[in-house]
Amino acid sequence: MSRSLRLGILASGGGTNLQTIIDRCQDGSLDASIALVLTNNPDAGALNRAREADIPTICINHREYATREDFDQAVVGALQAAGVELVVLAGFMRIITQTFLEAFPQRVINIHPALLPAFPGLHVQQQALDYGARFSGCTVHFVDSGVDTGPIIIQAVVPVLPDDTADTLAARILEQEHRIYPRAIQLIAEKRVHIDGRQVLIDPPSPPTEESLINPGLEA
Ligand code: GRF
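Source: prediction; values computed, not measured.

What follows concerns the site of the ligand. Taken together, G14, G15, T16, N17, G91, I111, H112, P113, L174 and E177 make up the full set of residues near the ligand. Between the ligand and the protein, one listed contact pairs an oxygen atom with a backbone N or O atom of N17 at 2.8 Å. In this structure, a nitrogen atom belonging to the ligand sits 3.1 Å away from a main-chain N or O atom of I111. Protein chains shield 79% of the accessible area of the ligand, which is 370 Å² for the free molecule.

Take a look at the structure:
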């Protein structure tokens, strides 16, 4: 009998991506189970969402650790104790060390609210607006030792509209995050994802949903 992929979800904030993954596990469209929700922030909304769904939680407060390395060792210990097979960063506001990556080689993924490699880092919706980009979006990628630099699994494109603020753009991007993060996890659960250098190969391939987007649109 096939066993569902055991996820460890790391979140520091409200946890809407966590909620989507909970919902998709519950409705059976995601062949995974959440073994642990871990946060560094005792006030994270994600903790309540996990408790509501009877998912084990742990808070490991980075302020109680002298070094990043010590903190990561505690996090890795908790994930390993829970039998986690795939680490899913969902708004986790800490940088992961090499120790962490070595404990879960090619088994840590992240979602970023921009179309990487454009706009890595923080406040990226504002960065996209300030730049005058016509499109932004979101990216699910494997985590490597850089910041938002790992191989890309899936992306969704979102137009930037004339009246957008960072908040309205973020909300439009978040809707797409909720579509692509469960999809990326499902592809991994199905063992269809292979890393070849910078390329992530999906086997069998899955064609893009749309051929192209143009903004501002062409007029007839
Ligand atoms: C998302 O925009 C995600 O891309 C970024 O942090 C935000 C987390 O949102 N890494 P939520 O906590 O899942 O609602």
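Next comes the rest of the account.
Time to look at the domain arrangement of the protein chain. Domain annotation of the protein chain identifies domain 1 (1-105) and domain 2 (109-208). Computed over C-alpha atoms, the centres of domain 1 and domain 2 are 19 Å apart. On the domain 2 side, the residues contacting the 20 residues of domain 1 number 17 residues. For the pair domain 1 and domain 2, the summed buried area comes to about 1500 Å², and 70% of that belongs to carbon and sulfur atoms. Inspection of the domain 1/domain 2 interface yields zero salt bridges. For the interface between domain 1 and domain 2, the tally reads six residue pairs in polar contact (both at pLDDT 80 or more).

Now for the sheet that holds strand 3 (residues 57-59). Strand order in the open sheet formed by seven strands is 3-2-1-4-5-6-7, and the pairing between neighbours is mixed. Because the sheet does not close on itself, it has two edges, and the strands there are strand 3 and strand 7 (152-159). Across the sheet, the mean angle from the axis of one strand to that of its neighbour is 20°, orientation sign disregarded. Packed on one face of the sheet, helix 1 (residues 16-26) meets strand 1 (5-10), strand 2 (32-39), strand 4 (86-89) and strand 5 (108-112) and runs near 155° to strand 2. Of the strands in this sheet, strand 1, strand 2, strand 3 and strand 4 are in contact with helix 3 (residues 68-81), which crosses strand 2 at around 155°.

Definitions and cut-offs
Residues numbered from 1 in each chain as written. Predicted model: local features only at pLDDT ≥ 70, side-chain atom pairs only at ≥ 80, totals over all residues. Heavy atoms only, no water. Near = heavy atom within 4 Å. Polar contact = N/O pair within 3.5 Å; in protein donor to acceptor, adjacent residues only side chain to side chain. Areas by Shrake-Rupley, 256 points an atom, 1.4 Å probe, with all protein chains shown as cover. Domains from an automatic or database assignment. Contact = heavy atoms within 4.5 Å. Buried area = accessible area lost by both parts, 1.4 Å probe. Salt bridge = Lys/Arg side-chain N within 4 Å of Asp/Glu carboxyl O. Pairing = 2+ DSSP bridges. Helix = DSSP H or I, 4+ residues; strand = E, 2+ residues; numbered from the N terminus. Axes fitted to C-alpha atoms, helices over the stretch in contact; angles between N-to-C directions.

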